[in-house]
Amino acid sequence: MKSDSTTVAAYLAALPADRREALEAVRKVVLANLDKDYEEGMQYGMIGYYVPHRVYPAGYHCDPKQPLGFAGLASQKTSMSLHLMCLYMNPRESAWFQEAWAKTGKKLDMGKACIRFKKADDLALGVIGEAIRRMPAKAWVAVVEGAIAGRKTSKAGGKKARKV
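It should be emphasised that the depicted structure is a prediction, and the values quoted were computed from it without experimental measurement. (Residues numbered from 1 in each chain as written. Predicted model: local features only at pLDDT ≥ 70, side-chain atom pairs only at ≥ 80, totals over all residues. Heavy atoms only, no water.)

Novice: What is the right way to look at the pattern of salt bridges in this model?
Specialist: Oppositely charged side chains can pair when the atoms bearing their charge come close. A complete count under the given rule lists nine salt bridges for this structure. For Glu 93, the salt bridge identified is with Arg 92, shortest N-O distance 3.6 Å. Residue classification places Glu 93 among the buried residues on the basis of a relative accessible area of 5%. Salt bridges sharing common partners tie together Lys 36, Asp 37 and Lys 138. (Salt bridge = Lys/Arg side-chain N within 4 Å of Asp/Glu carboxyl O. Buried < 20%, exposed > 50% of the residue type's maximum accessible area, 1.4 Å probe, protein only.)

Quick look at the structure:
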């Protein structure tokens, strides 16, 4: 569920105690492992972790007014979620993540970048911390720029030449 909260503190305060406790546990891991060039704030109705414009002035390519998103933490209707875009955008990191998670014996409920959970104990918090630590802000920017450049190249290369 998207929140109208404008601060992380207000977002957390509006949650039921059990969800607040779970999100605070995950948030603690995220913040402990987050590169200094990322910032935390509200983004897209959830707690966001992003590369601010002072580090990456271009911002998010789809909406340059927005900083470049990296991760999000949310309380949703039936569960909570941690969105790790670095896994969606990077198949090598995604494979590492899934392999490392499997070694913990915990069940992984994950979409392409969204890890769903009911309580913090469901999560392999050490693996989450390592995934965040493995992607400093400058490396994340390089991954995103590479993906954008690759998409532009594939679109240009995908056009068939017209016969004259």
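Novice: When you look at the pairing of strand S4 (residues 80-84) in this model, what are you seeing that I'm missing?
Specialist: Among the five residues in S4, four count as buried, and that is most of the element. In the sheet, S4 pairs with strand S5 (residues 114-117) via four bridges, with the strands oriented antiparallel. Paired with Leu 82 across the two strands is Ile 115, which belongs to S5. (Helix = DSSP H or I, 4+ residues; strand = E, 2+ residues; numbered from the N terminus. Pairing = 2+ DSSP bridges.)

Novice: Just to check I follow, could you spell out unusual backbone geometry for this structure?
Specialist: You will see that Tyr 44, though not glycine, has its phi angle at about 55°, which is positive. Mapped onto the elements, Tyr 44 comes out in the loop between strand S1 (39-43) and strand S2 (46-51). With relative accessibility at 48%, the residue Tyr 44 sits in the partly exposed group.

Novice: How should I be thinking about the packing of aromatic side chains in this particular structure?
Specialist: The relation between two aromatic rings is expressed through the spacing of the ring centres and the mutual angle of the planes. Applying the stated rule across the entire model yields four aromatic pairs. Taking 5.5 Å as the distance between ring centres and 45° as the angle between the ring planes, the aromatic pair formed by Phe 97 and Trp 101 counts as tilted. Within this pair, Phe 97 and its partner Trp 101 are both found in helix H4 (residues 91-104), separated by four residues, close to a single helical turn. Note on accessibility: Phe 97 and Trp 101 belong to one class, buried. Grouping aromatic residues by their ring pairs yields a cluster made of Tyr 38, Phe 70 and Trp 140. (Phe/Tyr/Trp six-rings, centres within 6.5 Å; stacked < 30°, edge-to-face > 60°.)

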